[in-house]
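Listed below are the residues making up each chain.
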Amino acid sequence: MLAVAVLAAGKGTRMKSDLPKVLQPLAGATLVERVLASCAALAPERRLLIVGHQAERVERSLAAHSGLEFVLQQPQNGTGHAVQQLLQPLAGFTGDLLVLNGDVPLLRPETLELLLERHRQSGAAVTLLSARLEDPSGYGRVVADAAGNVSAIVEHRDCSDEQRQIDLINAGIYCFNWPQLAAVLPQLSSDNDQGELYLTDTVAMLSPAMHLEVADAAEINGINDRLQLSQCEAVLQERLRRHWMTEGVTFIDPASCTLSEGTRFGRDVVVEPQCHFRGSSQIGSGCRIGPGCLIEDSQIGENGRVLHSVLRSATVAADCSVGPFAQLRPGSEVGPECHIGNFVEVKNSTLARGVKVNHLSYIGDADLGERVNVGAGTITANYDGLRKHRTVIGAGSKTGANSVLVAPISLGSNVTVGAGSTLTKDVPSGALALGRAKQLVKENWPGPA
Ligand code: UD1
Ligand code: CA
């Protein structure tokens with residue numbers, strides 16, 4: 001039997017933030033979501049989340065996760081005090097308790113599996129993850145012998161000068177035999193520099209206590225401040241880029257690009273410098289993205305070309321080119337072989353195969369048929385000040401430069417709109433529509449002196 005407890009009640013004072021620390025985002029997911037994800041593969045029987053500081057907000061953020069038991073710790077008197085709150089909910093539980101710090105978000109599931117396996121093999125009362133760090137400052141130091149037996153953990157601020165030289169640190173991830181831990185939890189004292197109850201003090205009260213050193217110390221990076229947050233982000237980004245490079249994506253300047261875990265790439269995608277992928281996006285094989293793109297929750301079909309553009313909740317079919325300097329806003333559905341050129345904004349619109357909107361246009365709440373050619377500066381005037389209205393343009397139609405289509409309006413197929421027209425009425429198929437003042441020329445006008 002396995003129960004997992006995540007410590008997520010602390011304020012995170014060192015973040016200097018209104019947001020509880022465990023809700024700080026890292027590559028699109030909060031710290032606590034990441035911690036929960038790291039133990040999902042273990043399929044624990046119980047998952048307990050210890051909340052305190054802004055407890056409701058933390059609970060709300062996890063509303064989509066079912067089966068979590070929230071345990072309130074009030075006030076927050078240290079990690080030992082946090083785990084004491086489990087004495088009641090886990091009364092009668094006889095299995096192992098995996099304790100995870102809510103601010104250690106980069107743990108790999110395999111590492112937790114190994115920890116649990118070692119713990120069960122050795123029959124230890126507690127097995128904790130440790131790491132050797134070049135700069136161990138801030139972390140609790142693990143006092144252990146060569147065989148891996150731990151006699152104590154001493155917090156950085158409680159260390160003697162000699163103890164401070166120890167480079168083996170406590171990762172804040174522990175597997176306890178719960179009945180044995182439950183027996184010593186009430187004996188914790190706050191006789192330390194912070195005057196708190198430390199979970200780490202239980203280690204000296206339990207025997208045998210063992211540690212397991214992680215191979216990759218980056219996994220156990222704890223986040224106490226913004227600097228560590230950015231360091232963890234860098235580790236995550238590096239992992240994501242490496243993964244996609246092994247899957248056949250070229251990054252011209254990897255360090256300048258950021259990815260989300262929800263982004264998927266086909267083969268032979270080339271990502272130019274300064275591209276950022278957020279949410280769940282899909283980039284088809286053979287695309288060339290960038291330089292300079294932000295792509296969020298969007299799909300791009302095969303062989304697309306996107307340059308210096310922003311896409312949000314947009315879908316672009318195969319063989320399209322977008323940009324430079326285009327913006328596709330939510331609800332943009334662009335068909336195959338379309339061209340969206342410079343300074344073009346598209347929102348909540350469908351563009352059928354082969355549409356060209358090459359320069360300086362706004363296409364909002366519109367449906368454009370196949371091969372429609374939108375002239376430079378064409379605007380769909382979709383908003384009357386109260387409501388949004390749709391514009392429909394039939395297949396093969398062509399708008400002249402600087403046309404304004406005042407919605408609701410419908411143009412048939414193969415319509416030609418003269419340059420500079422402002423149209424307010426529907427136009428039948430095959431017609432030429434002109435909506436502009438006739439040019440007046442007065443000859444022999446006395447010009448400027
Ligand atoms: C803790 C460990 C330290 C270890 C480090 C690893 C203790 C005493 N020290 O130190 O040995 O090297 O993690 O990152 O455990 N929390 C609560 N309730 C509280 C206090 C904290 O739930 O009353 C939660 C926090 O939200 C956080 C986690 O426990 O997620 C760790 O707390 P934090 O104050 O960051 O501990 P560290 O000083 O980093
Ligand atoms: Ca911490």
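Numbers given to residues run from 1 along each chain, matching the order in which its sequence is written. All chains are assigned letters beginning at A, and all ligands numbers beginning at 1, according to the order in which they are written. Residue-level local features of this predicted model are given only where pLDDT is at least 70; pairs of side-chain atoms are given and counted only at 80 or more, and the full residue set underlies all totals for whole chains, interfaces and linings. In computing side-chain values, all of the structure's heavy atoms are included and hydrogens and water are not.

### Comments concerning the overall build of the chain
Basically, it comes down to this: Each helix is a run of H or I in the DSSP string that is no shorter than four residues. Each strand is a run of E no shorter than two, and both are numbered from the N terminus. Here the globule rule reads 2.2 Å times residues to the power 0.38, and the radius of gyration is calculated from C-alpha atoms. Working rule for contacts: check all heavy atoms of both residues, and any pair within 4.5 Å makes them a contact. The protein chains shown are the only cover counted for residues, whose accessible areas, like all others here, come from Shrake-Rupley with a 1.4 Å probe. Only four residue types enter the tally: Lys and Arg on the positive side, Asp and Glu on the negative side; His and the chain ends are excluded. Lys charges are placed at NZ, Arg charges at CZ, Asp charges at CG and Glu charges at CD.
A tally of regular secondary structure across the chain gives seven helices and 40 strands. Since a compact globule built from 449 residues should have a radius of gyration of about 22 Å, the 30 Å found for the chain marks it as more spread out than a globular shape. Its C-alpha atoms give the chain principal-axis dimensions of about 105 × 55 × 45 Å. Restricting to contacts in the chain with at least 6 residues of sequence separation, those with at least 24 account for 40%. Of the roughly 20,700 Å² of accessible surface on the chain, a fraction of 49% belongs to carbon and sulfur atoms. Distance between charge centroids for the chain: 11 Å, based on 39 positive and 47 negative side chains.

### As for the coordination of the calcium ion (ligand 2)
Where we set the bar: Atoms of type N, O and S within 2.8 Å of a metal are treated as its donors, and for Na, K and Ca the window is 3.2 Å; water is not considered, so some sites may appear to be missing partners.
Protein ligation of the calcium ion (ligand 2) involves Asp103 (OD) and Asn224 (OD1), the donor distances falling in the range 2.3 to 2.4 Å. Here the residue Asp103 occupies a position in the loop between strand S6 (96-101) and helix H4 (109-122), and Asn224 occupies one in the loop between strand S11 (209-213) and helix H7 (226-246), the gap between them amounting to 121 residues.

### Brief notes about the side chain of Thr30
What counts here: The classification of residues rests on relative accessible area computed with a 1.4 Å probe and restricted to protein chains. Under 20% of the type maximum is buried, over 50% is exposed, and intermediate values are partly exposed.
One can find Thr30 in strand S3 (residues 29-30). On the basis of relative accessibility, which here comes to 15%, the residue Thr30 falls in the buried class. Contact partners of Thr30, with chain neighbours within four places excluded, come to Val22, Leu23, Gln24 and Pro25.

### Points about the sheet that holds strand S34 (residues 391-393)
The line we're drawing: In this description, strands pair whenever DSSP reports at least two bridges between them.
Taken in spatial order, the nine strands line up as S13-S16-S19-S22-S25-S28-S31-S34-S37 in an open sheet, and their pairing is parallel. Either end of the sheet is taken by a strand with one partner, and the two such strands are strand S13 (264-265) and strand S37 (409-411). As defined by bridge partners, S13 adjoins strand S16 (residues 282-283) across two bridges and the pair is classed as parallel. Its bridge partner lying in S16, Phe265 is registered against Ile283.

### Observations regarding the site of ligand 1
Heads up, the condition is: Nearness is judged by heavy atoms alone; a residue qualifies as near a molecule or strand once a single heavy atom is within 4 Å of it. In protein, a polar contact means a hydrogen-donor-capable atom and an acceptor-capable atom, both N or O and within 3.5 Å, with residues adjacent in sequence counting only if both atoms are side-chain atoms; elsewhere, any N or O pair within 3.5 Å suffices. Cavities and pockets are defined on a 1 Å grid built over the protein atoms alone: a cavity is a set of grid points where a 1.4 Å probe fits but cannot escape, while a pocket is an open set with protein on both sides within 12 Å along at least five of seven lines, and lining residues are those with an atom within 4 Å of any such point. Think of it this way: a molecule belongs to a cavity or pocket when more than half its atoms come within 2 Å of the grid points there.
In the region of ligand 1, 23 residues are neighbours, and Gln73, Gly78, Thr79, Glu155 and Asn170 sit closest. A distance of 2.9 Å separates an oxygen atom of ligand 1 from a polar backbone atom of Gly140. Relative to its unbound accessible area of 760 Å², ligand 1 is 92% covered by the protein chains. Of the pockets mapped on this structure, ligand 1 occupies the largest pocket. Contributing elements (two or more residues each) for the shell around ligand 1: strand S1 (2-8), helix H3 (79-84) and strand S10 (168-177).

### Re the environment of Val22
Residue placement: Val22 occurs in the loop between S1 and strand S2 (25-26). The buried category is assigned to Val22, whose relative accessible area is 5%. Between the C-alpha atom of Val22 and that of Leu36, which follows or precedes it by 14 residues, the distance is 11 Å. Setting aside residues up to four positions removed in sequence, Val22 forms contacts with Ala8, Thr30, Leu31, Val32, Val58 and Gly102.

### What to know about the sheet that holds strand S29 (residues 356-359)
With parallel pairing, the eleven strands of this open sheet are ordered in space as S12-S14-S17-S20-S23-S26-S29-S32-S35-S38-S40. Taken across any chain shown, the strands that pair with only one partner, and hence form the sheet edges, are strand S12 (249-251) and strand S40 (432-433). The pairing of strand S26 (residues 339-342) with S29 spans three bridges and is classified as parallel. Note that in S29 the partner of His339 across the bridge is Lys356.

### What about the packing of aromatic side chains?
Rules: Between rings of Phe, Tyr and Trp, where Trp is taken as its six-membered ring, a pair exists when centres lie within 6.5 Å; planes separated by under 30 degrees are stacked, by over 60 edge-to-face, and by other angles tilted. Whether a charge sits over a ring depends on NZ of Lys or CZ of Arg being within 6 Å of the ring centre and within 35 degrees of the ring normal.
The final tally for this structure, using the stated rule, is five aromatic pairs. Pairing Phe251 with Phe265 gives two aromatic rings, centres 6.4 Å apart and planes at 70 degrees, and the pair type is edge-to-face. Residue Phe251 is found in strand S12, and its partner Phe265 is found in strand S13; the two are separated by 14 residues along the sequence. Residue Phe251 is classed as buried on the basis of its relative accessible area of 7%. With a centroid separation of 5.0 Å and an interplanar angle of 75 degrees, the aromatic rings of Phe265 and Phe277 are classed as edge-to-face. With a gap of twelve residues between them, Phe265 in strand S13 and Phe277 in strand S15 (residues 275-278) connect regions that are remote in the sequence. When sorted by exposure, Phe265 lands in the same class as Phe277, which is buried. Among the aromatic residues, those joined into a ring-pair cluster are Trp244, Phe251, Phe265 and Phe277. If you follow Lys388 out to its NZ or CZ, it ends over the ring of Tyr383, 5.3 Å from the centre.

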